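Residues per chain are reported as follows:
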Amino acid sequence: MVIKVFLASSSGSTAIKKKQQDVVGFLEALKVDYTQLDIACNEENRMWMRQNVPVDKKPTNGIPLPPQIFNEDSYCGDYDTFFDAKEDNSVYAFLGLPPPPGSKEAEQAAKVLGVENGTPAEEPKADGSVDASAEVPVEERNGDAHGEEEQAADEEEVEGEGEGGEEEDVADEETAGDEALAEEEEEAVEETDEVTEQANAQEEDEQEEADEDRDEEAEVQEEEEAE
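Given the structure is predicted, the values throughout are model-derived calculations rather than measurements. Residue numbers restart at each chain and count upward from 1, following the sequence in its written direction. Two thresholds apply to this predicted model, a pLDDT of at least 70 for residue-level local features and 80 or more for giving and counting side-chain atom pairs, whereas whole-chain, interface and lining totals are computed over all residues. Heavy atoms from the whole structure form the basis of all side-chain values; hydrogens and water molecules are not counted.

A. Molecular detail of the overall build of the protein chain. Helix and strand assignments come from DSSP, with helices taken as H or I runs of at least 4 residues and strands as E runs of at least 2, each series counted from the N terminus. For the protein chain, the count of helices and strands is seven helices and four strands. In sequence order, the protein chain lays out its α and β elements as β-α-β-α-β-β-α-α-α-α-α. Across the protein chain, every contact between residues at least 6 apart in sequence was considered, and the portion connecting residues at least 24 apart equals 59%. Method for areas: the Shrake-Rupley scheme with a 1.4 Å probe, in which residue coverage is limited to the protein chains shown. Surface summary for the protein chain: the accessible area is close to 15,400 Å², and the carbon and sulfur share equals 47%. Contact criterion: two residues are considered in contact whenever any of their non-hydrogen atoms come within 4.5 Å of each other.

Next up, the structure:
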């Protein structure tokens, strides 16, 4: 499978040039094999791109602008859909390619597959350990807990006050464990909020740049129609 990126090497639009650079730079960072096809110097490339962009994906004037991305003859999308896929960590799915093992996209796909199969993947805690209870069916966990409660009640009747002291120690340990888990969850939420804020800031910057260059894109579209 060959990824094709249709570009305009001699475009007079700053916005188009920046979008083309963003797409090419990100593909190179991911080490994705791709081919650049220039529509400015090759009329055949220009016509092929226009004919193979789906009608419902074309702008109102019917003339799609670069960059446009294909997997062989299958249409992937334009810059906007590519940017959305990048924000969602789903670029490989956007390109119709399998994500490499160990990538964020591969991990997300594994989690989704696990949920669909009814066996969600275990997530390590902050200390690197895994919750062992996730491996045991709910019924068995409940049964074990019930059995332990009955055993504890019997020992209380036999051992009296000594057993009561041990139960207090166990309760203290459980409370400490719950507090540690709550702190881990708070740290995870803070990290998620920070990432979300960064993504929102980047998206706002991109929108501002797009607004500034909208007039330039309109000029390019008029040039395309004139040709």
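B. How the structure looks around the pairing of strand β4 (residues 74-78). In the sheet, strand β3 (residues 68-71) pairs with β4 via four bridges, with the strands oriented antiparallel. Considered in β4, the bridge of N71 is made with S74. Linkage of β3 to β4, two consecutive antiparallel strands, is achieved through a turn of two residues, within which E72 is found at a positive phi near 55 degrees. Only strands joined by at least two bridges in the DSSP assignment are considered to pair.

C. Fine view of the sheet that holds strand β2 (residues 34-38). Strand order in the open sheet formed by four strands is β2-β1-β3-β4, with mixed pairing between adjacent strands. Two strands close off the open sheet at either side, each with one partner strand: β2 and β4. Between one strand and the next, the sheet's axes are offset by a mean angle of 25 degrees, whatever the strand orientation. Inspection of the sheet shows strand β1 (residues 3-7) paired to β3 by four bridges, in the antiparallel sense. Paired with V5 across the strands is I69, a residue of β3. Lying on the sheet, helix α3 (residues 79-87) is in contact with β3 and β4; it crosses β4 at an angle near 85 degrees. Axis definition: a line fitted to C-alpha atoms, over the contacting stretch in the case of helices. Angles run 0 to 180 degrees between N-to-C directions.

D. The packing of helix α1 (residues 14-29) against α3, seen in detail. Two numbers describe how α1 lies on α3: the axes approach to 11 Å, and their chain directions differ by 40 degrees. On the basis of the axis angle, α1 is oblique to α3. Where α1 crosses over α3, the handedness of that crossing is left-handed. Contact residues: α1 offers K19, D22, V23, F26 and L27, while α3 offers Y79, F82 and K86. Across the contact of α1 with α3, the residue classes tally to five nonpolar, no polar and three charged. Oblique is the label for any angle not under 35 degrees, not over 145, and not in the 65 to 115 range, which are roughly parallel, roughly antiparallel and roughly perpendicular in turn. Take the far helix as your reference; a near helix turned counterclockwise from it by less than a right angle gives a left-handed crossing, and one turned clockwise gives a right-handed crossing. Polarity classes work like this: nonpolar for Ala, Val, Leu, Ile, Met, Phe, Trp, Tyr, Cys and Pro, charged for Asp, Glu, Lys and Arg, and polar for all others, with Gly in that last group.

E. Structural context of the nonpolar core. We call a set of buried Ala, Val, Leu, Ile, Met, Phe, Trp, Tyr and Cys residues a nonpolar core when their side-chain atoms join them within 4.5 Å. For the exposure calls, accessible area comes from a 1.4 Å probe over protein chains only, and a residue counts as buried if that area is under 20% of its type's maximum, exposed if over 50%, partly exposed in between. Among the nonpolar cores identified, the biggest contains 19 residues, and I3, L27, I69 and L95 are the most heavily contacted of them. With sequence-adjacent residues up to four places away left out, I69 is seen in contact with I3, K4, V23, Y75, C76, G77, D78, F82, F94 and L95.

F. Spotlight on the confidence of the model for the protein chain. Mean pLDDT over the protein chain works out to 77, with 57% of the residues at or above the 70 mark. A residue's pLDDT is the predictor's confidence in that residue, given on a scale from 0 to 100. Within the protein chain, the lowest mean pLDDT, 57, falls on helix α6 (residues 138-159), and the highest, 98, falls on β3.

G. Fine view of the packing of aromatic side chains. Aromatic rings from Phe, Tyr and Trp, taking only the six-membered ring of Trp, are treated as a pair when their centres fall within 6.5 Å; an angle between ring planes under 30 degrees marks them as stacked, one over 60 as edge-to-face, and anything in between as tilted. Within the structure shown, the criterion is met by seven aromatic pairs. Here W48 and F70 contribute two aromatic rings whose centre-to-centre distance is 4.9 Å and whose plane-to-plane angle is 65 degrees, an arrangement assigned as edge-to-face. In this pair, W48 sits in helix α2 (residues 43-52) while F70 sits in strand β3, placing the two residues 22 residues apart along the sequence. Put simply, the rings of F6, W48, F70 and Y75 touch in pairs and so form one group of aromatic residues. For a lysine, the NZ atom is tested; for an arginine, the CZ atom; a charge sits over a ring if that atom is within 6 Å of the ring centre and within 35 degrees of the ring normal. When the ring centre of W48 is taken as reference, the NZ or CZ atom of K4 above it lies at 5.0 Å. K86 extends its terminal NZ or CZ atom over the ring of F26, reaching a point 5.2 Å from the ring centre.

H. Focus on the side chain of K86. The residue K86 is located in helix α3 in this model. For the purpose of counting charges, residues Lys and Arg are taken to be positive, whereas Asp and Glu are taken to be negative. His and the chain ends are not included. Within this document, salt bridges are pairs made up of a side-chain nitrogen of Lys or Arg and a carboxyl oxygen of Asp or Glu, the two lying within 4 Å of each other. One buried charged residue, K86, remains without a salt bridge, the closest side chain of opposite sign being E87 at 5.6 Å. Beyond its immediate chain neighbours, meaning those up to four positions away, K86 contacts F26 and V91.

I. Representation of the pattern of salt bridges within the structure. Scanning the entire structure with this criterion turns up three salt bridges. Close ionic contact of D22 with K18 constitutes a salt bridge, the shortest N to O distance being 3.2 Å. Of this pair, D22 and K18 both sit in helix α1, separated by four residues, roughly a single helical turn. By relative accessible area, which is 22% here, D22 ends up partly exposed. By relative accessible area, which is 28% here, K18 ends up partly exposed. Linking R46 and E43 is a salt bridge whose minimum nitrogen-to-oxygen distance equals 3.2 Å. Taken as a pair, R46 and E43 lie in helix α2 at a separation of three residues, close to a single helical turn. Exposure remark for R46: the relative accessible area of 8% places this residue in the buried category.

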